[in-house]
Amino acid sequence: MLEGKVALITGAAKGIGRAIALAMAAEKATVVINYNGSKERAEQVLEEVKALGADGCVYQCNVADTADTDAMIKEIIKTYGHLDILVNNAGVLCEDALAENIDENEWERLIRIDLTAPFLCSKFALPYLRQSEGCIVNIASAAALTASRNDPPYCAAKHGVLGLTRSIAYDYAPYRVRANAICPGTCETEMWKNYLATLSPEEASRKQNHYLEVQPLGMCHPEDVAYAAVFLASDRARFITGIALPVDGGFTAI
């Protein structure tokens, strides 16, 4: 379904990004695995990609840094000659806090990673996506469609991702470039588990049980998001642009 396509997935060394990389590799896309932390993990994902019969590479880049991101996109074009799919997946969570208690530096850090980084990747990729009639898939959050208690920077960033998605979809439709967002519910990832580990056992248990209650289908898994990303990146979604697709087990249906 994606054979001949070159796909860049940010934050692809683990979690949802890894699942998307493998799902796209299974559809024979050439996968660029972006990471900013563990090269070892990224190379492990590349081995898994190649075991599926797909080509790919790893690329270290802080996608919240303008110069780094520009250089990464140019290197991808130099290597492969084209870019067809951009998946803006890299992101972080924030600590629970009311708006009045949010440190300004923490606000700016999270906005930079969760909102500015997708903008930067899109900014530098779009000239090439125009040439290939490519697409952007942004990983937002169910928190972009509603509110999430005690994390105003995360909610603000993810709402912003939807605005960015819709703006690009509208502006670049004449070039046959599509942009869509996926809004996952709470997902069983390492990042989620690490977040729970920062809480007391009682609070962690309360959080986990809360999301099991408000997501009627239970906890989301990375593969659930990956299947949606493959569809939106494929020609089967050629007339779909500017949408926010909930993959949240019914969270936003309540």
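It should be noted that the structure appears before, not after, this text.
Residues numbered from 1 in each chain as written. Predicted model: local features only at pLDDT ≥ 70, side-chain atom pairs only at ≥ 80, totals over all residues. Heavy atoms only, no water.

(A) Highlighting the overall build of the protein. The helix and strand tally for the protein stands at 8 helices and 7 strands. Over its C-alpha atoms the protein spans a radius of gyration of 17 Å, differing by no more than 12% from the 18 Å that the globule rule assigns to 254 residues. With respect to the principal axes defined by its C-alpha atoms, the protein has extents near 50 × 40 × 35 Å. Out of the 254 residues in the protein, the part that is buried amounts to 48%. Contacts in the protein between residues far apart in sequence, at least 24 positions, make up 74% of those at least 6 positions apart. Accessible surface for the protein amounts to roughly 12000 Å². Of this, 50% is attributable to carbon and sulfur atoms. The average position of the 23 basic charges and that of the 32 acidic charges among the side chains of the protein differ by 6 Å. (Helix = DSSP H or I, 4+ residues; strand = E, 2+ residues; numbered from the N terminus. Rg over C-alpha atoms; globule rule 2.2 N^0.38 Å. Buried < 20%, exposed > 50% of the residue type's maximum accessible area, 1.4 Å probe, protein only. Contact = heavy atoms within 4.5 Å. Areas by Shrake-Rupley, 256 points an atom, 1.4 Å probe, with all protein chains shown as cover. Lys, Arg positive; Asp, Glu negative; His and termini not counted. Charge placed at Lys NZ, Arg CZ, Asp CG, Glu CD.)

(B) Region of interest: empty space enclosed by the protein. Taken as a whole and judged by the stated rule, the model has 1 cavity of 30 Å³ or more. Empty space within the largest cavity amounts to approximately 40 Å³. If you trace the largest cavity, you find it lined by Thr10, Val63, Asn88, Asn89, Ala90, Ile113, Ala117, Pro118 and Cys121. Ranked by residues supplied to the lining of the largest cavity, first place goes to helix α4 (residues 104-132) with 4 residues. Residues that form the lining of the largest cavity fall into these classes: 6 nonpolar, 3 polar and no charged. (1 Å grid on protein atoms, 1.4 Å probe; cavity = no way out; pocket = protein on both sides within 12 Å on 5 of 7 lines; lining within 4 Å. Points joined across faces, edges and corners; volume = space filled by probe spheres on them. Nonpolar A, V, L, I, M, F, W, Y, C, P; charged D, E, K, R; others polar.)

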